[in-house]
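# Coordinate analysis (summary)
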Amino acid sequence: MTVSEVLQLESVPPGSTQPGVLPLNHSFDHWLHQHQARAQQLIERFVPPEHPLVPQLHEAMHYAAAMGGKRVRPLLVWAAGECVQADDQALDRAACAVELVHAYSLVHDDLPCMDDDVLRRGQPTTHVQFGEALALLAGDALQALAYEVLTPEADIAPALQARLCALLARASGADGMAGGQTLDILATGGAVSGDDLMHMHSRKTGALLKASVLMGAACGGFDTARPAQTYTALETYGDAVGLAFQVVDDILDVTADSHTLGKTAGKDAQQNKSTYVSALGLYAARKLAHGLRDKAQAALDTLPPPQRAASQRLRELADLIVLREH
């Protein structure tokens, strides 16, 4: 689906430029906080702040991974897993692994040779706190640790380990996050269309979010061949929420302040980056985000009845991604 096709969806009332208000849902709030705490527990388990041989490296790794955040990617793993009644131990490891890869990507993105940022989640970025060399190594080590987490000696069948590693690797490499970041660097300072931005961000940001959904599905045995209807619906959902996340990030970069975001606001304009706001305008960017949310939730309506009945958390996460304020 192109930008123009999504914009044809009547998702935002005419004349409105407001991002919307997240519906009050105490059940979802409880689930959200419970699983964000679970993500923190897993990080503390797998990324201890101390190590007898390389304490400085582990301190930097722990700082990068444990300093907080929305934990959207592990939340998507768990929500997709609930949808297909997946194995809890496999889900926990998949959720932790995808967050470790996300943490590594942020450490590298913030480096002076990349986005050169000094603030992340309201704290000094890892290279500011520990120096560039240690930050680079911490990112490398977090990426390697993610695959170690996915390959325990017991608890997860070898075939599932291989599938989870393949999904995460594909989302992280040249066809995913690294490739999208490359396209972003090459496009800096130039005019980029909305459809080109979709192509770029489906890799840079969307691929890892989509992989989170598919990893959760894989933990329940629902993969490309079993059954195709469930996999296709969750794949479409993952594509849509992955793009929506980046669209909202672009919107918040120009509408929120650094204190609210926990990172430097206005950075995209300072670096002359192409964004959905610069390409489409604020109103159209917001409409695009809402259209992608609608597309994601419509995909869940195509699930077989047992999975559709268990997809509520995925629906609520689509709302959270689009209606968030940071």
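Not measured: the values here are computed from a predicted model. (Residues numbered from 1 in each chain as written. Predicted model: local features only at pLDDT ≥ 70, side-chain atom pairs only at ≥ 80, totals over all residues. Heavy atoms only, no water.)

### Some words on the overall build of the chain
For the chain, the count of helices and strands is 18 helices and two strands. When the 326 residues of the chain are sorted by exposure, 55% land in the buried category. Excluding contacts between residues fewer than 6 apart, the proportion of contacts in the chain whose partners are at least 24 apart in sequence is 77%. Approximately 13800 Å² of the chain is accessible, and the part contributed by carbon and sulfur atoms is 55%. (Helix = DSSP H or I, 4+ residues; strand = E, 2+ residues; numbered from the N terminus. Buried < 20%, exposed > 50% of the residue type's maximum accessible area, 1.4 Å probe, protein only. Contact = heavy atoms within 4.5 Å. Areas by Shrake-Rupley, 256 points an atom, 1.4 Å probe, with all protein chains shown as cover.)

### Here's the deal with the layout of surface pockets
Taken as a whole, the second largest pocket spans an internal volume of roughly 260 Å³. Every residue lining the second largest pocket is counted, 14 residues in all, and those nearest its centre are Arg170, Ala171, Ala207, Lys210 and Leu214. Secondary-structure elements contributing two or more residues to the lining of the second largest pocket are helix H8 (158-172), helix H10 (194-204), helix H11 (206-218) and helix H12 (228-255). Residues of the lining of the second largest pocket, tallied by class, amount to six nonpolar, one polar and seven charged. (1 Å grid on protein atoms, 1.4 Å probe; cavity = no way out; pocket = protein on both sides within 12 Å on 5 of 7 lines; lining within 4 Å. Points joined across faces, edges and corners; volume = space filled by probe spheres on them. Nonpolar A, V, L, I, M, F, W, Y, C, P; charged D, E, K, R; others polar.)

### As for empty space enclosed by the protein
Taking a probe equal in size to a water molecule and rolling it over the atoms shows the remaining empty space. Scanning the model with the defined rule gives one cavity of 30 Å³ or more in all. Of the voids in this model, the largest cavity is the one considered here, and its volume is about 60 Å³. Together, Ala64, Met67, Ala103, Leu106, Val107, Asp110, Arg120, Arg121, Thr125 and Thr126 line the largest cavity. Tallying contributions element by element places helix H5 (residues 88-109) first for the lining of the largest cavity, with three residues.

### Concerning the nonpolar core
The tendency in soluble globular proteins is for nonpolar side chains to be buried as a group. Leu100, Leu142, Leu168, Tyr237, Leu314 and Leu317 are the most contacted members of the largest nonpolar core, which totals 99 residues. Element by element, the count of residues in this core is highest for H12, at 13 residues. Apart from residues no more than four positions distant in its own chain, leucine 100 is found in contact with Val47, Ala65, Leu142, Leu145, Ala146 and Val149. (Core = buried A, V, L, I, M, F, W, Y, C linked by side-chain atoms within 4.5 Å.)

### Quick look at the packing of H8 against H11
Taken N-terminus to C-terminus, the directions of H8 and H11 make an angle of 170°; their axes are 8 Å apart at the nearest point. It follows that H8 is roughly antiparallel to H11 by the angle criterion. Residue-level inspection shows Leu160, Arg163, Leu164, Leu167, Leu168, Ala171 and Ser172 of H8 in contact with H11, the latter providing Ala207, Leu208, Ala211, Leu214, Met215 and Ala218. Classifying every residue of the contact of H8 with H11 by side-chain character gives 11 nonpolar, one polar and one charged. (Axes fitted to C-alpha atoms, helices over the stretch in contact; angles between N-to-C directions. Parallel < 35°, antiparallel > 145°, perpendicular 65-115°, else oblique.)

### Regarding the side chain of aspartate 184
Structurally, the position occupied by aspartate 184 is in helix H9 (residues 177-187). Polar side-chain contacts of aspartate 184 include one of 2.6 Å to the side chain of lysine 204. Not counting the four nearest positions on each side in its chain, aspartate 184 is found in contact with Met200, Lys204 and Lys273. (Polar contact = N/O pair within 3.5 Å; in protein donor to acceptor, adjacent residues only side chain to side chain.)

### Side note on the confidence of the model for the chain
For the chain, the average pLDDT comes to 89, and 89% of its residues sit at 70 or higher. Note on residues 10-19: pLDDT under 50 across the span, and 19 contacts to partners over four residues away in sequence or across chains. (pLDDT = per-residue confidence, 0-100.)

### Thoughts on the environment of leucine 300
Here leucine 300 shows up in helix H16 (residues 282-300). Residues leucine 300 and leucine 314, 14 residues apart in the sequence, show an inter-C-alpha distance of 8.3 Å.

### A word on the packing of aromatic side chains
All chains considered together, the criterion is met by two aromatic pairs. Geometrically, the ring pair formed by phenylalanine 28 and tryptophan 31 is stacked, given 6.0 Å between the ring centres and 20° between the ring planes. A residue pair is termed a helical-turn pair when its members lie 3 or 4 positions apart in one helix, as phenylalanine 28 and tryptophan 31 do in helix H2 (residues 26-46) at three residues. A relative accessible area of 4% means that phenylalanine 28 is categorised as buried. A relative accessible area of 5% places tryptophan 31 in the buried class. Ring geometry for tyrosine 63 against phenylalanine 130: centres 5.3 Å apart, planes inclined by 75°, an arrangement best described as edge-to-face. Here tyrosine 63 is found in helix H3 (residues 55-66), whereas its partner phenylalanine 130 is found in helix H6 (residues 126-130), with 67 residues between them in sequence. Under the relative-accessibility criterion, tyrosine 63 is labelled buried at 16%. One Lys or Arg, arginine 73, reaches over the ring of phenylalanine 245 and ends 5.2 Å from the middle of that ring. Stacked on the ring of phenylalanine 245, the Lys or Arg arginine 324 has its end atom at 3.9 Å from the ring centre. (Phe/Tyr/Trp six-rings, centres within 6.5 Å; stacked < 30°, edge-to-face > 60°. Lys NZ or Arg CZ within 6 Å of the ring centre and 35° of its normal.)

### Brief notes about the packing of H12 against H16
Their axes nearest at 8 Å, the elements H12 and H16 cross at an angle of 160°. Comparing the axis directions of H12 and H16 gives the class roughly antiparallel. At the point where H12 passes H16, the crossing takes the left-handed sense. Of the residues contributing to the contact of H12 with H16, the split by class is 19 nonpolar, two polar and two charged. (Left-handed = near helix turned anticlockwise from the far one by under 90°.)

### Structural notes on the pattern of salt bridges
Per the counting criterion, the structure on display carries 12 salt bridges. Notably, a salt bridge pairs lysine 204 with aspartate 184, separated by 2.6 Å at the nearest N-O pair. Taken together, the residues lysine 204 in helix H10 and aspartate 184 in helix H9 connect sequence positions 20 residues apart. Taking the relative accessible area as the measure of exposure, aspartate 184 reaches 4% and is therefore buried. In this structure, the salt-bridge partner of aspartate 249 is arginine 324, at a minimum N-O distance of 3.1 Å. Taken together, the residues span a long stretch of sequence, with aspartate 249 in helix H12 and arginine 324 in the segment after helix H18 (312-323) at a distance of 75 residues. According to the relative accessible area criterion, aspartate 249 is buried, its value standing at 19%. (Salt bridge = Lys/Arg side-chain N within 4 Å of Asp/Glu carboxyl O.)

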